[in-house]
Amino acid sequence: MLTLVPGDATLDQLETIWREDLPARLAEAARPGILASAGMIAAAAAGDVGVYGVNTGFGKLASVRIAPEDTAMLQRNLILSHCCGVGEPLALPAVRLMMALKLLSLGRGASGVRIEVVELIESMLAHGVMPMVPEQGSVGASGDLAPLAHMAAVMLGHGEAFEGERLPGGEALSRAGLTPVVLGAKEGLALINGTQFSTALALIGLFRTWAAARAALVTSAMSTDAIMGSTAPMHPDIHSLRGHAGQIEVAAITRDLLDGSEIRESHREDDLRVQDPYCIRCQPQVTGAALDLLRFAGRTLLTEANAVTDNPLVLSDGQIISGGNFHAEPVAFAADQIALAAAEIGAISQRRVALMVDPALSFGLPPFLTPQPGLNSGLMIAEVTTAALMSENKHLAAPCSVDSTPTSANQEDHVSMAAHGARRLGLMTRNLAVIVGVEAICAAQGIEFRAPLRTSAPIARVIETIRQRIGTMGEDRYLAPDLTAAQAMVEDGVLAEAAGITAAY
C-alpha cells in the first residue's frame, strides 16, 4: 500500500502505482480538510441560495433548481447519464492510476465530498475492484466526464468492473465485501469533473517514452561503435557552447558508454571519412532536446496530478465558486510534447538502423547484417518494420491540442482534446519501443562483426544481456519473437540497466 500526500505526490510514486499493481490511500493528514469541505457543501445544500452542482442542474441546465429531497437522485442521474464511453476497456493499470489521481484531487479538501466516498475508492484499490472504463468518449473539458462516470458508476453498484473477472459493478463490490455509496450533494460532480483519465494516460505515455529514451541512449552509442563512428562530436565544449541541459547530458553519457572501446580507437587515424551522418553526429542535439521536452511535460503532469480539477470548488474561506479547472489544456499540451519527443527519438533511431543495414554507409558491415547475404536476407525486413512504425508515429504526432469542437449546447464551446491526445501515446510508445529494440539487435550484430576488436565494457554488458534473450543472427530464422523480446527489453529498462544509465525525470 502506497500512502499519498495530496499536493505532494511524486512521479516515482505514480509510476510505481502504474507498474507494480500497488494500491494507494491518502495520508491521514488529508482527513480534516476533506471533512471540513464536506460540511460546507452540506450546509449549502440545505440553504436557499442556488449553488451550481449542489442544488442545481448541470451544464446548460445549471439554472434549474433541485429540491433537497432530490439531491441523491440528482447525483445518481448525473453518473448514469454520463456513462457514454465507447471502445475497448482501459488497461487495468491505467484505471488504477486514474483512481489514485482522483484520490489525490479529492484529498486536497476543496471538492466537498464526504470521507466515505474517498474511503470507497481506497477500498476498491485495496481489493482490486477495477471499474471497466471505455477508452473513448472524452473531449478533455468539463472533465473526462464519460470515463470517470464509468468509474463512479461502480461505486454506486452500477456499471461493470473487474475483480478477477468482468462482473456487474454491484457484484464486484459485493465479492470484495464492499457496499455501494449513495452520493450526497455535489459528490457525483466531484467524481466526474476532473482530468484524471487524460492525466493518467499522459503520465503512462511519459513513463513509457522515458524508458525508450533511456534505451535509445544505449542503442545510439552501440550504433556508433557498430559503424565505427566518431566520438569527436561528443566533445563537451561543443555542447557547453550551446548550453541545453539535455544535449550536454546525452553527449556525456555517450562519451562514457564508448570510453575504452577498441573499435573506436582502431580508426582514430587514417579514417577517410570526415563526418558521420546526422543520426550519429547529432544524437545529443536530437535526443537531448527530447529529454528536455519530456522533463518539461513531466513537470506539467506532476502539477496536474496534484491539482484540484473538479467544479465548483470549496475555498479555504468557505466560498463555493464555479471556475474551470476541469479544462485539460495543460494535459493536452503535455501529451503533444510527449508525442513530439517520441516521434523524434524513433525517427533518429530508425535512421541508425537504416545506416547499419546499408553496406554503402555502414563502413564494412555486410548487407543487412547477415554473414551470407543473398542466400539470407538478414535484418532487411526488420528495418522495413522500423520504417513503417516511424512513419506511423509521425502521423500520430500531429498535435491534438489545436483541435476543438463545441459540445453541450455550446456551453462547453472550447475543449482540449487531451483524452485522445494522451490515448494515442499508447500506440506511439509501443511503436517506439520496437524501433529502439530493432536498433539494439542491429547494433549488437554489427559490433560482433568487428571482432576481434572489442567494444567498451558497458556496451559489452548490454550485448551480453541481449544475447541472453536473442541469439546472434546467422542463417535466416523466424524473427518476430526477436522483435518482441527486444521491445520488452526497451520497455522494462533492461538495456539501460545493463549499461548503468541512471538518467531521471
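All residue numbers here refer to positions counted from 1 along the written sequence of the relevant chain. Predicted model: local features are reported for residues with pLDDT of at least 70 only, side-chain atom pairs are reported and counted for 80 or more only, and whole-chain, interface and lining totals are derived from all residues. Side-chain metrics in this entry use all non-hydrogen atoms of the structure; hydrogen atoms and water are not considered.

**Q** When you look at the overall build of the chain in this model, what are you seeing that I'm missing?
**A** A run of H or I in DSSP counts as a helix once it spans at least four residues, and a run of E counts as a strand once it spans at least two, with each numbered from the N terminus. A count of helices and strands for the chain gives 20 helices and nine strands. Computed over its C-alpha atoms, the radius of gyration of the chain comes to 26 Å, within 12% of the 23 Å expected for a compact globule of 505 residues. For the C-alpha atoms alone, the extent of the chain along its principal axes is close to 90 × 50 × 40 Å. The buried label goes to any residue with under 20% of its type's maximum accessible area, the exposed label to any with over 50%, and the partly exposed label to all in between, with areas taken from a 1.4 Å probe on protein chains only. Each of the 505 residues in the chain was classed as buried or not, and the buried ones make up 56%. A separation threshold of at least 6 residues defines the contact pool for the chain, and within that pool the share at least 24 residues apart is 78%. For the chain, the accessible area works out to roughly 19900 Å², and carbon and sulfur atoms hold 56% of it. Here the chain holds 35 positive side-chain charges and 53 negative ones, and the gap between their average locations is 2 Å. With C-alpha atoms as the basis for the radius of gyration, the globule rule is written as 2.2 Å multiplied by the number of residues raised to the power 0.38. Note on definitions: a residue-residue contact is assigned when non-hydrogen atoms from the two residues lie within 4.5 Å. The protein chains shown are the only cover counted for residues, whose accessible areas, like all others here, come from Shrake-Rupley with a 1.4 Å probe. When charges are counted, neither His nor the chain ends are considered; positive counts come from Lys and Arg and negative counts from Asp and Glu. Taken as the charge centre is NZ of Lys, CZ of Arg, CG of Asp or CD of Glu, depending on the residue.

**Q** What is the right way to read helix 15 (residues 329-357) from this model?
**A** Within an α-helix, residues lying three or four positions from one another point in the same direction, as the helix has 3.6 residues per turn. Each helix should span, by expectation, one fewer than its residue count multiplied by 1.5 Å. The terminal C-alpha atoms of helix 15, which comprises 29 residues, lie 42 Å apart, in line with the 42 Å expected from a rise of 1.5 Å per residue. Along helix 15, 24 of the 29 residues are buried, which leaves the element largely enclosed by surrounding structure.

**Q** For this particular structure, what's the right way to read the environment of Arg295?
**A** Relative to the helices and strands, Arg295 resides in helix 14 (residues 283-305). Residues Arg295 and Val415, 120 residues apart in the sequence, show an inter-C-alpha distance of 25 Å. Once residues within four sequence positions are removed from consideration, Arg295 is found in contact with Trp210, Glu249, Ala503, Ala504 and Tyr505.

**Q** It is not clear to me how helix 16 (residues 380-396) should be interpreted in this structure. Could you clarify?
**A** For helix 16, spanning 17 residues, the distance from its first C-alpha to its last is 25 Å, which sits close to the expected 24 Å at 1.5 Å a residue. Residues Ala382, Glu383, Thr386, Leu389, Met390 and Asn393 constitute the buried set of helix 16. All buried residues of helix 16 lie within an arc of 120 degrees about the axis, which places them on one face of the element. In helix 16, the exposed positions angled more than 90 degrees off the buried face are occupied by Ile381 and His395. The secondary structure elements touched by the buried residues of helix 16 are helix 15, helix 17 (418-449) and helix 19 (480-491). Arc definition: directions from the helix axis to the C-beta atoms.

**Q** Looking at this structure, how should I read the packing of aromatic side chains?
**A** Within a pair of aromatic rings, the relevant descriptors are the distance that separates the centres and the angle that separates the planes. Only centres within 6.5 Å qualify two rings of Phe, Tyr or Trp (six-membered ring in Trp) as a pair; their planes then separate them into stacked at under 30 degrees, edge-to-face at over 60, and tilted for everything else. Considering all chains together, one arrives at three aromatic pairs under this definition. By the criterion adopted, a ring carries a charge over it if an Arg CZ or a Lys NZ lies within 6 Å of its centre and within 35 degrees of its normal. For the cation-ring pair, Arg273 lies above Phe363, with the distance from its terminal atom to the ring centre recorded as 3.5 Å.

**Q** What should I look at first to understand the sheet that holds strand 4 (residues 130-131) in this one?
**A** Pairing between the strands of a sheet comes from backbone hydrogen bonds, and it takes one of two forms, parallel or antiparallel. Whether two strands pair depends on DSSP finding at least two bridges between them. Here three strands make up an open sheet; going across it, the order is 4-6-7 and the pairing antiparallel. Of all strands in the sheet, those with a lone pairing partner are strand 4 and strand 7 (166-168), marking the two edges. Pairing of strand 6 (residues 160-162) with strand 7, which is carried by three bridges, proceeds in the antiparallel orientation. For Phe162, the partnering residue across the bridge sits in strand 7 and is Arg166.

**Q** I'm lost on the side chain of Ser401 in this one. Help?
**A** Here Ser401 is to be found in the loop between helix 16 and helix 17. Taking relative accessible area as the criterion, Ser401 reaches 8% and is therefore assigned buried. In protein, a polar contact means a hydrogen-donor-capable atom and an acceptor-capable atom, both N or O and within 3.5 Å, with residues adjacent in sequence counting only if both atoms are side-chain atoms; elsewhere, any N or O pair within 3.5 Å suffices. Polar contacts involving the side chain of Ser401 include one to the side chain of Asp336, which spans 2.5 Å. In contact with Ser401, other than residues within four places in its own chain, are Glu329, Ala332, Phe333, Asp336 and Ser416.

**Q** I'm lost on the pattern of salt bridges in this one. Help?
**A** Pairs can form between side chains of opposite charge once their charged atoms are near each other. For this document, the term salt bridge refers to a Lys or Arg side-chain nitrogen within 4 Å of an Asp or Glu carboxyl oxygen. Summed over all chains, the structure comprises 19 salt bridges. A salt bridge links Arg352 to Glu439, with the shortest nitrogen-to-oxygen separation between them at 2.5 Å. Of the two residues, Arg352 sits in helix 15 while Glu439 sits in helix 17, which places them 87 residues apart along the sequence. With a relative accessible area of 1%, Arg352 lands in the buried category. Among the ionic contacts, a cluster of salt bridges with common partners joins Glu28, Arg31 and Glu119.

**Q** Looking at this structure, I do not really get the nonpolar core. What am I missing?
**A** Side chains that are nonpolar tend, in soluble globular proteins, to be buried together. Met155, Leu191, Leu203 and Met222 are the most contacted members of the largest nonpolar core, which has 152 residues in total. In terms of residue count, the dominant contributor to this core is helix 9 (residues 196-226) (18 residues). Other than its neighbours up to four places away in sequence, Met222 contacts Ala440, Ala443, Ala444, Ile447, Ile459, Val462, Ile463 and Ile466. Within this scheme, the nonpolar core is defined by two criteria: the residues are buried Ala, Val, Leu, Ile, Met, Phe, Trp, Tyr or Cys, and they are joined through side-chain atoms within 4.5 Å. Counting seven residues, the second largest nonpolar core, distinct from the first, contains Ile41, Ala45, Val54 and Ala185.

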